[in-house]
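# A closer look at the structure
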Amino acid sequence: MLKVENVTKMFGGLAAVSDVSVEFEAGRINAIIGPNGAGKSTFFNLISGLHQPTSGRILLDGVDVTSLPSDQVARLGVGRTFQTTNLFEQATVLDNLIVGHRLRTKSGLWDVLINSKRLQREEKAARDKAMEALEFVGLTSVAGQLITDITQEERKRVAFALALATDPKIVLLDEPAAGVNPEETVGFAALMRKMVDEKGLTVCLIEHKMDMIMSLADKIMVLDHGEKIAEGTPEEVRNNPVVIEAYLGGDEDAAA
Amino acid sequence: MFKVASLLMTPAAKYLMLAFAILFPLVAANEYQVYVMATAFVWAIAVYGLNIITGFCGQLNLAHGGFFAIGAYTLGLLTADYGWSFWPAFLGALVMTAVLGFLVGIVSLRLKEHYFAIFTLCVGFIIYLLIDKWEELTHGAIGVRDIAAPYGFGLVDFTDTTPFYYLVLAFLVFAIWFMGRLSKSLLGRTFIAIRNGDELAQSLGINLMRNKVLAFVLSTTYAGLAGALYAGMVRFIGPEEANINHTFDMITYLLVGGIGTIMGPLLGTVGIVWITQSLQFLEEYRMIIFGPLLVLLVIFFPRGITGSFLTWMHRKSQALAPTKKRQENKVKTAQNREAESNA
């Protein structure tokens, strides 16, 4: 599905990501963990095309996407969320989501001027897609509320829905459960599982909540100082001495 | 209160406003008032342009007044020095501002946020300097005289104030109509996504440069349209048209009326122009009243008159609607409502 080969990203003299190779299989939940500053978000930015790698290759279903800009990577089926999502606060949830399907439409300025059939058709498709994504994340009931009036947890779900509205094959989720309470965390874990089971998506997430990762992920990659120090099932990673070392506290932190 | 206010959201409100605008020359006390209103409408058209690039697309363009001047000068020079008649020169002004907007856009939009604003501030000043110093082309400080009035095809005489007022009104209605259509279209939503954040927009598959340049060209064309109408109305222009103060005036109109809304530019421009007019008797001291008024407005209505009103209306309607009706309301979106009632 997604193959990363010897990717390195230098910022000046600093290697934010250093010679990382990994393969994410389709229909799995892949987690990336590591201490703060390990290069996890940079790694996501490299895959999604926001940054270009200094060296190495990134293949999506066999297609080389290494040097593609991020809007084209998105069109090829890579959806993503950010740690914080800036939404249009004074517009409704639904209004914010309609643009998610924009990349699958073609209407331009001329279509707006003459209100073409194509524009009407595409706007309806985008609206339907937004409603579908809202239903999937369980937010149909707040579709008409302003973003500024919804809760933190609902905002995070809106960010999920926005990524889903782009019709992705793989979604990159950057700390989806940060800043939400334990019960809501369980809800997000269930949502990610549902993305894989019902939509057949490949999920790739960065997360610090270990108990969630250990029960959710099919495969875990551990980054530290930009390097991949371990990879494997939750069980393997949990018992890996290098990982325990990286997390400084020993057993308790890595296993908790 | 809410019931009265909700009348403002119905289509009837916009027809009422249009009817008032049409009848205004008949009820105005004198020709000067019609002239002031026509001037306000011209500026409102330019502010709609600023609303596209700054309100919708989120890029603060400080060269907007410069493009207004380019529109005015293109029309002025083509008619006064090169003997073109009004309408071809008018088209020329639109093409000129669109092309120059494109060229400035592809360079300046490579910069983000403050850097873009500062760059365009410089572009605006360069436009002013060019107009002021390039005397062979622009007549420098002397300005351009004898600019042609719009040709009325033997039916109307646009050198009169009232016919010109209706001409400007027609263009204004078109400008607002297009804005309304743009705002609820996928293209308008694309601009708003860029305003929310470059990175998020890109991750949604939006080509930043292409869309930003499109928004920029649309905005400079609006400015050029307003500038050309202005030149046809006053028929004498000077380098002061490119003064940076005009840009800041337009930003004020936009903020007061409601940035990123459809009716905001009109309400802000017309409102402030009339307040300024009615405070004329205070001369320089009018800023003592005007300044605090602005401060209060920005504190209590940060989204301007229209923006704050729409948010308030939306919350009220969500709170008041019976449960069943609320379900329907939810699918109907706030943006659409605004577009329906105002476009």
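Procedures and definitions
Residues numbered from 1 in each chain as written. Chains lettered and ligands numbered in written order. Predicted model: local features only at pLDDT ≥ 70, side-chain atom pairs only at ≥ 80, totals over all residues. UniProt positions renumbered as here; feature names shortened; annotations may be inferred. Helix = DSSP H or I, 4+ residues; strand = E, 2+ residues; numbered from the N terminus. Rg over C-alpha atoms; globule rule 2.2 N^0.38 Å. Buried ≥ 20, exposed ≤ 12 C-beta atoms within 10 Å, placed from the backbone. Contact = placed C-beta atoms within 7 Å. Domains from an automatic or database assignment. Nonpolar A, V, L, I, M, F, W, Y, C, P; charged D, E, K, R; others polar. Pairing = 2+ DSSP bridges. Axes fitted to C-alpha atoms, helices over the stretch in contact; angles between N-to-C directions. Parallel < 35°, antiparallel > 145°, perpendicular 65-115°, else oblique. Core = buried A, V, L, I, M, F, W, Y, C linked by C-beta atoms within 7 Å.

The name that an unreviewed UniProt entry assigns to chain B is ABC-type transporter, permease component: HAAT family protein, with the source organism given as Marinobacter algicola DG893. Per UniProt, chain B carries the Subcellular location (unreviewed entry) text "Cell inner membrane".

By the naming in an unreviewed UniProt entry, chain A is ABC transporter related protein, taken from Marinobacter algicola DG893.

## Observations regarding the overall build of chain A
A tally of helices and strands in chain A yields 11 helices and 10 strands. Expected size for 256 residues packed as a compact globule is a radius of gyration near 18 Å; at 19 Å, chain A falls within 12% of this value. Taking the principal axes of the C-alpha coordinates as reference, chain A spans close to 65 × 40 × 30 Å. Of all 256 residues assigned to chain A, the portion counted as buried reaches 46%. Taking all contacts inside chain A whose residues are at least 6 apart in sequence as the whole, residues at least 24 apart take part in 67%.

## Considerations on the domain arrangement of chain A
All names here are of chain A. Each assigned domain of chain A is listed here: domain 1 (1-77 + 168-256) and domain 2 (88-167). Here domain 1 and domain 2 have C-alpha centroids that lie 27 Å from each other. Taken residue by residue, the interface counts 9 residues in domain 1 and 9 residues in domain 2. Every element with two or more residues in the side of domain 1 that touches domain 2 is listed here: α2 (70-75) and α7 (182-199). A per-class count over the side of domain 1 that touches domain 2 returns 6 nonpolar, 1 polar and 2 charged.

## Description of the sheet that holds strand β1 (residues 2-11) of chain A
All names here are of chain A. With antiparallel pairing, 4 strands are arranged side by side in an open sheet as β2-β1-β4-β5. The outermost strands of the open sheet, each flanked by one partner alone, are β2 (14-24) and β5 (63-64). Inspection of the sheet shows strand β4 (residues 55-60) paired to β5 by 2 bridges, in the antiparallel sense. Paired with Leu59 across the strands is Asp64, a residue of β5.

## Details of the interface of chain A and chain B
Listed per partner, the contact involves 37 residues of chain A and 31 residues of chain B. For the side of chain A that touches chain B, the secondary-structure elements that each account for two or more residues are α2, α3 (93-98), α4 (109-114) and α5 (117-137) of chain A. Taken together, the residues of the side of chain A that touches chain B sort by class into 16 nonpolar, 14 polar and 7 charged.

## Brief notes about unusual backbone geometry
Residue and element names in this part refer to chain A. Despite not being glycine, Asn6 has its phi angle at roughly 45 degrees, a positive value. Along the chain, Asn6 falls in strand β1. Here the phi dihedral of Asp167 falls at roughly 55 degrees; this positive angle occurs in a residue that is not glycine. Along the polypeptide, Asp167 turns up in the loop between α6 (152-165) and β7 (170-174). Assessed through the 17 C-beta atoms surrounding it within 10 Å, Asp167 is described here as partly exposed.

## Focus: the packing of helix α12 (residues 244-257) of chain B against helix α15 (residues 304-320) of chain B
Residues and elements named next belong to chain B. Close contact between α12 and α15 brings their axes to 3 Å; oriented N to C, the two are set at 20 degrees. Here α15 runs roughly parallel to α12, going by the angle between their axes. Contacts from Leu255, Val256 and Gly257 of α12 reach α15 at Gly304, Ile305 and Thr306.

## Let's talk about the pairing of strand β3 (residues 29-33) of chain A
Walk down a regular strand and you will see the side chains alternate between the two sheet faces. Residue and element names in this part refer to chain A. The buried fraction of β3 amounts to 5 of the 5 residues, a majority that puts the element mostly inside the structure. Burial along β3 is two-sided: Ile29, Ala31 and Ile33 facing one way and Asn30 and Ile32 facing the other are all buried. Two elements, β3 and strand β8 (residues 202-206), share 4 bridges in a ladder whose sense is parallel. The residue of β8 that forms the bridge with Asn30 is Cys204. Relative to strand β9 (residues 219-224), β3 runs parallel, the two sharing 4 bridges. Looking at the pairing, Ile33 lines up with Val222 of β9.

## Section: the nonpolar core
For soluble globular proteins, the rule of thumb is that nonpolar side chains tend to be buried together. If you look at the biggest cluster of nonpolar residues, it comprises 168 residues, and the most contacted ones within it are A:Ala161, B:Ile45 and B:Ala226. No other element matches the 16 residues that helix α3 (residues 31-56) of chain B contributes to this core. Two domains each donate at least three residues to this core, and these are domain 1 (1-77 + 168-256) and domain 2 (88-167) of chain A. If sequence neighbours within four positions are ignored, A:Ala161 has contacts with A:Leu97, A:Ala133, A:Leu134, A:Phe136, A:Val137 and A:Leu139.

## What to know about the environment of B:Val47
Residues and elements named next belong to chain B. Mapping Val47 onto the fold places it in helix α3. Taking the C-alpha atoms as reference, Val47 lies 9.6 Å from Thr252; in sequence the two are 205 residues apart. For Val47, the residues in contact, after removing those within four places along its chain, are Met250, Tyr253, Leu254, Pro265, Gly268 and Thr269.

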